[in-house]
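# Examining the three-dimensional arrangement
Listed below, chain by chain, are the residues.
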Amino acid sequence: MAETTLAPPEVQAETLLDSNELVLNMGPQHPSTHGVLRVILKLDGETVLGTDCVIGYLHRGVEKIAENRTFQQFAPYVDRMDYVAAVSNGLGYCMAVEKLLDVEVPPRAQAVRVILTELNRIASHLLWLGTHALDIGAITPVFLCFREREEVLKIFENYCGARLTTHAFRIGGLQYETYDTFEKECLDFCDLMEQKLKEYHDLLTGNRIWVRRTKGVGILNAADCKDYGVTGPLIRAAGVEWDLRKAQPYCGYENYDFDIPTAKTGDTFDRYMVRMEEMVQSCRIIRQAVDALPEGPIKGKVGKVIKPPPGEAYVSIEAPKGELGYYIVSDGSLNPYRVRVRPPSFVNLGALDKMCRGSLVADVVAIIGTIDIVLGEVDR
Amino acid sequence: MASLIKTFLLTDLLKGLWTTFKNQKPSKVITEQYPLNRPPVAERYRGAPRLNTHPETSETLCISCNLCALACPEQLIVVTSERNPETKRKDLTTFTYDVSRCMFCGLCEDACPVDALELTQDFELATYTREGQIWDRQMLEEGPLPVRYTH
């Protein structure tokens with residue numbers, strides 16, 4: 001371990017004198033590290049002096065696999081990166097290939113894509129809320145969140161036949177037409193969600209234990225967020241109104257009316273509030289999209305063999321965890337020459353050390369939870 | 001003063017406890033008793049593969065075009081055929097599908113021009129051996145045997 005990742009010199013000198021320093025491994029089997037993240041904590045008593053992340057336990061070489069698959073064949077693999085938000089991953093990849101091909105996606109396909117990705121955003125935030133609260137010690141929310149998440153997964157299963165790794169979109173549009181009760185199920189879910197969000201607020205928002213465990217913990221201000229390249233709910237909680245759905249609208253997001261929830265201090269509690277509000281905004285978008293669901297074809301003019309002209313394309317979308325980017329280089333053959341993913345979890349995890357320094361060991365658990373990482377995406 | 005009383009009376013904690021208590025109704029139990037009650041899966045569910053046969057003549061619908069094998073990202077489908085000298089068509093001889101490597105993406109199903117290969121609603125695919133995961137043509141046409149659990 002390099003000495004440079006440790007505490008600032010004055011703290012270091014102090015700890016060297018009375019040498020109370022303790023190195024503690026947290027993970028990769030620790031339940032609150034959300035998978036296989038290993039954090040090496042440098043402690044002075046209960047205070048964290050520095051952290052080091054060890055990643056790669058879930059590395060599958062997804063970017064290399066892409067080079068040996070055709071463009072269509074790689075689409076199911078992107079679902080396996082951020083498996084909690086598989087639909088968003090599929091959207092990003094399909095949009096990048098469509099940009100390479102210069103294909104227009106029909107309006108109906110775009111609207112269905114928006115509905116499904118917003119449902120996925122809610123599902124992802126529900127999983128985050130449940131596990132984050134469980135890490136901190138509130139056991140009830142995880143059961144309630146999984147119950148509501150099940151409703152989203154049922155919609156996915158009815159739509160495309162899979163619950164988690166959906167492979168819902170195809171390059172150029174959609175493979176499956178919506179089913180008869182699709183619109184009704186989406187609207188019913190929005191109604192249900194608005195009721196249930198009140199329950200979550202009752203459980204957590206006013207709760208004194210929750211407030212004391214989250215307020216002022218893991219503060220990351222706007223300047224630091226920008227320095228670390230942190231995106232998503234983390235930067236919005238620091239007060240920066242940055243949402244790619246507004247900043248560079250894609251997939252017809254410019255037609256929907258929604259707000260970007262922000263907060264001021266950028267602590268764990270603010271990020272909690274931002275994500276809770278995002279679920280409300282997602283419900284708003286789903287309602288608008290379902291009401292104005294246009295008729296028409298669901299697939300653009302794409303041949304059976306996808307062979308983009310030589311070139312490169314970068315497309316980034318607002319995934320539930322932040323900016324998800326796909327950079328694809330094509331050499332004119334059937335397989336991509338190179339696929340590079342900009343995963344939000346990985347970039348956001350970089351700010352962990354900054355957020356943890358000076359806090360207590362118990363807060364590290366809260367901070368890892370609040371970043372909302374999925375190790376499948378960090379390691380790829 | 002009001003907030004002090006609220007703090008003292010633990011209203012915030014009681015509110016949460018009441019929410020927890022409200023969700024304890026036996027009528028709201030959503031846990032499925034899995035092996036006893038099997039959950040209904042969606043119509044479009046992508047589960048065990050099946051090679052469809054003609055309902056009357058029970059001849060295979062597969063025309064041995066090999067498109068499913070080409071579409072598969074894991075290259076787990078092997079189709080062999082031989083040319084029939086009378087009809088000048090390809091007759092299917094063997095069809096092997098390695099379920100252990102399948103990720104049920106549905107690309108083979110999409111590629112099939114005659115709806116011969118289909119992913120069905122069966123989801124109980126466990127076997128005792130690795131070899132049992134490699135399905136031959138007979139297994140694909142008949143489907144896995146229904147599982148009965150005894151306890």
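None of the values given here were measured: they were computed from a predicted structure. (Residues numbered from 1 in each chain as written. Chains lettered and ligands numbered in written order. Predicted model: local features only at pLDDT ≥ 70, side-chain atom pairs only at ≥ 80, totals over all residues.)

### Digging into the sheet that holds strand β1 (residues 21–26) of chain A
Residue and element names in this part refer to chain A. Using the following cut-off: Pairing between two strands requires that DSSP report at least two bridges joining them. Strands are runs of DSSP state E lasting at least 2 residues, helices are runs of H or I lasting at least 4, and numbering of each runs from the N terminus. A fitted line through C-alpha atoms represents every axis, and for helices the fit uses only the stretch in contact; the resulting angles, taken between N-to-C directions, go from 0 to 180 degrees.
Taken in spatial order, the three strands line up as β1-β2-β3 in an open sheet, and their pairing is antiparallel. On the outer flanks of this sheet lie β1 and β3 (47–54), each paired with one strand and no other. In this sheet, neighbouring strand axes are inclined to one another by 20° on average, regardless of whether the strands run parallel or antiparallel. Across six bridges, the pairing between β1 and strand β2 (residues 38–44) is antiparallel.

### A short note on the sheet that holds strand β8 (residues 336–342) of chain A
All names here are of chain A. Here we have three strands laid out as an open sheet, ordered β6-β7-β8, and antiparallel in their pairing. Looking at which strands have only one partner, the edges of the open sheet turn out to be β6 (311–319) and β8. On average, each strand axis in the sheet is tilted by 15° relative to the strand beside it, whichever way the strands run. For strand β7 (residues 322–330) and β8, the ladder comprises six bridges, and the chain directions are antiparallel. The residue bridging Val329 from the neighbouring strand is Arg338, located in β8.

### Some thoughts on the domain arrangement of chain A
Residues and elements named next belong to chain A. We count it as follows: Domain extents, as shown, originate in an automatic or database domain assignment. Two residues qualify as a contact pair if the distance between their C-beta atoms, derived from the backbone, is within 7 Å. Residue polarity follows a fixed list, in which Ala, Val, Leu, Ile, Met, Phe, Trp, Tyr, Cys and Pro are nonpolar, Asp, Glu, Lys and Arg are charged, and the others, Gly among them, are polar.
Assigned domains within chain A: domain 1 (3–54) and domain 2 (62–379). Averaged C-alpha coordinates put domain 1 and domain 2 at centres separated by 31 Å. On the side of domain 2, 17 residues touch domain 1, which itself brings 18 residues to the contact. Elements with a contribution of two residues or more to the side of domain 1 that touches domain 2: β2 and β3. Broken down by element, the residue count for the side of domain 1 that touches domain 2 peaks at five residues, all from β3. Along the lines of polarity and charge, the residues of the side of domain 1 that touches domain 2 split into nine nonpolar, eight polar and one charged.

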